[in-house]
Amino acid sequence: MEEASESNCTTCGPQEIYIWNPDGDDTHVQSQISSTLLQQYHQHVLLIFADANTIRECVHCKDKFSANFNIPQVWWEEHYRKGNGYFGWEDVLNEAEEVQGHVTWSHFLTKQVRLDKTGDKNGHKYEWIKVNTFTQWLKSGRQVVLSFEQKKGKPDTKRQTKESIRRTLLGSLATRELKDPFWVYYKLLSFILELNDRSIWSIRDCVRDIELYENDPKLPKKDVQQPEDQTRKPKNGPDYRSLHDLARHAIHIAEVLTVTRETIQHITAQHRDWVDEVHNSRMQRNYRFIKNVQRRLLFYEQTISSFHHRMLSTKDRLSNEINLSFNKVAQNHSESAANMAVLSLADNSVMKKIAFLTAAFLPATFVSAIFSTSFFNFNPEANRWAISNRFWVYWAVAIPLTIVMPIVWVLLSTAPVWLAKAREMMRGKLPEHFFKAGNNGKQSGSSEGSANTASPV
């Protein structure tokens, strides 16, 4: 590895640069971007890894990158940094409005979901992988690929992504491929499709585990990554929090996959326009290869479309599992309600038996209660009964009370209805303020007094 001596900014630090030489002698340097470095490798392909967030905050480096690589000012806008995918293309013009080359910029985003084996509540972990590139293709021969690293993410994932980009772009690069400004996407999109394929299959595996568990939670399926994953489901029903989070991941993956498909369609359409517009000898000599690039881009477009359909079917399968969980819980609740109804019927049968026994013994209880009073007296010596001449008092009290108690119960139960009817009848005969609360009456009286006081008459 060569260490370049020139360093103009201590804040941003050097960039990692891979230099592809047509003769096969590739070079790896760590240096800040300078005109001297670019002039030295003006006939080479430069793959530069840089931190766009750090450069955005450094005015010196931002201006230097924009001037050396023809980066438009719109690319530095904040909403493009937070975007979920795009593609842009501009011509590099000189003062005479002659095309000297082309610049492109693209942004791809994928979400990788996996089962959480540490036992967290969510049950799934995820990470975002961002591929953000800017290319400069000049007719003079120099070609630059800027790969801006993502700020967040695991160090291993960032290192693997960087190495995959380097290997994809420079691993099997041929000189004839450099004649097409879209050679970067001719090679890079295969890696983008690989990321999306892993993303779709990762969430598909999560959905498949749910399907296998729902079919038979006791079977140790080979597709289930760990037997202890089956214990994540609560004993009292489905884990709706985990299902909700998994549905959220599926929505995100479907969103970025749709944007990726539209981005690839835009790249293909822009390449088609470039082929139609350029008619020079250089193109005629490489026409066959350029047509191959066009066919490869169309193939990528069709592949990402098939990925999109697969993701939509995975979302539908997840929705079916969520609906099935709800239906199973509703079915269990219905069965519980039916069991409660059966128990209630059994309780009613017991109460009927108790009521029947009470009614059967009621006459005897009534008779024994009367004969146990002091109105009756049995004389064993005379062997006869003596009845008090005041026995009529019992009937004088018992009969009126028997008549009055039902009447009182009926009056008490219907009292609110009669009071409401009486209130409605009196409402039309008395002023309205008799029926308002005391505070409302005071407020209305005070407001009237205020109005009278404020009157100039």
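The rules behind each value
- Residues numbered from 1 in each chain as written.
- Predicted model: local features only at pLDDT ≥ 70, side-chain atom pairs only at ≥ 80, totals over all residues.
- Heavy atoms only, no water.
- 1 Å grid on protein atoms, 1.4 Å probe; cavity = no way out; pocket = protein on both sides within 12 Å on 5 of 7 lines; lining within 4 Å.
- Points joined across faces, edges and corners; volume = space filled by probe spheres on them.
- Helix = DSSP H or I, 4+ residues; strand = E, 2+ residues; numbered from the N terminus.
- Nonpolar A, V, L, I, M, F, W, Y, C, P; charged D, E, K, R; others polar.
- Expected span 1.5 Å × (residues − 1).
- Buried < 20%, exposed > 50% of the residue type's maximum accessible area, 1.4 Å probe, protein only.
- Core = buried A, V, L, I, M, F, W, Y, C linked by side-chain atoms within 4.5 Å.
- Contact = heavy atoms within 4.5 Å.
- Lys, Arg positive; Asp, Glu negative; His and termini not counted.
- Salt bridge = Lys/Arg side-chain N within 4 Å of Asp/Glu carboxyl O.
- pLDDT = per-residue confidence, 0-100.
- Phe/Tyr/Trp six-rings, centres within 6.5 Å; stacked < 30°, edge-to-face > 60°.
- UniProt positions renumbered as here; feature names shortened; annotations may be inferred.

Moving on: the layout of surface pockets. Here the largest pocket is characterised by a volume of approximately 480 Å³. Listed by contribution, the elements that provide at least two residues to the lining of the largest pocket are helix 2 (52–57), strand 6 (99–115) and strand 7 (124–138). In terms of residues, the lining of the largest pocket owes the most to one element, strand 7, which gives 4 residues. Empty space within the second largest pocket amounts to approximately 240 Å³. For the lining of the second largest pocket, a count of residues per class yields 4 nonpolar, 4 polar and 3 charged.

Compared with an ideal rise of 1.5 Å per residue, which puts 16 residues at 22 Å, helix 5 (residues 155–170) spans 22 Å between its outermost C-alpha atoms and is within 8% of the ideal. Thr 157, Thr 161, Lys 162, Ser 164, Ile 165, Thr 168, Leu 169 and Leu 170 are the residues of helix 5 that are buried.

This part takes up the nonpolar core. Among the nonpolar cores identified, the biggest contains 57 residues, and Val 131, Leu 169, Leu 170, Trp 183, Leu 189, Met 311 and Leu 318 are the most heavily contacted of them. Among the elements that take part in this core, helix 6 (residues 183–215) stands out by supplying 15 residues, more than any other. Not counting residues within four places of it along the chain, the set of residues in contact with Val 131 comprises Ser 106, His 107, Phe 108, Ile 165, Leu 188, Phe 191, Ile 192 and Leu 195. Judged by nonpolar contacts, the second largest core, of 30 residues, contains Cys 9, Ile 55, Phe 69 and Trp 75.

Glancing now at the environment of Gln 112. Residue placement: Gln 112 occurs in strand 6. With residues up to four places along the chain from it excluded, the contact list for Gln 112 reads Lys 125, Tyr 126, Glu 127, Ile 129, Leu 195, Arg 198, Ser 199 and Ser 202.

Attention now moves to the side chain of Arg 56. Here Arg 56 is to be found in helix 2. Buried charge without a partner: Arg 56 forms no salt bridge, and the closest opposite charge is Glu 78, 5.1 Å away. Residues within four places of Arg 56 in sequence aside, it is in contact with Lys 62, Trp 75, Trp 76, Glu 77 and Arg 81.

Turning our attention to the confidence of the model for the chain. Of the residues in the chain, 83% have a pLDDT of 70 or more, and the chain-wide mean is 81. The secondary structure element of the chain with the lowest average pLDDT is strand 1 (residues 2–3), at 40, and the one with the highest is strand 5 (residues 86–93), at 93. Contacts for the low-pLDDT stretch residues 217–235, under 50 throughout, to residues beyond four places or in other chains number 25 contacts. The low-confidence segment residues 438–457, where pLDDT is below 50, has 0 contacts with residues more than four positions distant or belonging to other chains.

What follows is about the packing of aromatic side chains. Under the criterion given, the structure shown has 16 aromatic pairs. Here Trp 75 and Phe 148 contribute two aromatic rings whose centre-to-centre distance is 4.8 Å and whose plane-to-plane angle is 40 degrees, an arrangement assigned as tilted. On the criterion of sequence distance, the pair formed by Trp 75 in the loop between helix 3 (59–69) and helix 4 (78–81) and Phe 148 in strand 8 (residues 143–148) is long-range, its members being 73 residues apart. For the pair Trp 75 and Phe 148, a shared accessibility class is recorded, and that class is buried. Taking 4.9 Å as the distance between ring centres and 10 degrees as the angle between the ring planes, the aromatic pair formed by Trp 89 and Phe 182 counts as stacked. Here Phe 182 lies in the loop between helix 5 and helix 6 and Trp 89 lies in strand 5, a separation of 93 residues in the sequence. The residues Trp 89 and Phe 182 share a single accessibility class, namely buried.

Let us now look at the UniProt feature "transmembrane region" (unreviewed entry) in the chain. Mapped onto the present numbering, the UniProt feature "transmembrane region" (unreviewed entry) falls at residues 354–372 and 392–419. Helix makes up 95% of residues 354–372 and strand 0%, whereas the separation of the span's terminal C-alpha atoms amounts to 25 Å. When the span residues 392–419 is considered, its composition is 100% helix and 0% strand, and the gap between its end C-alpha atoms is 40 Å.

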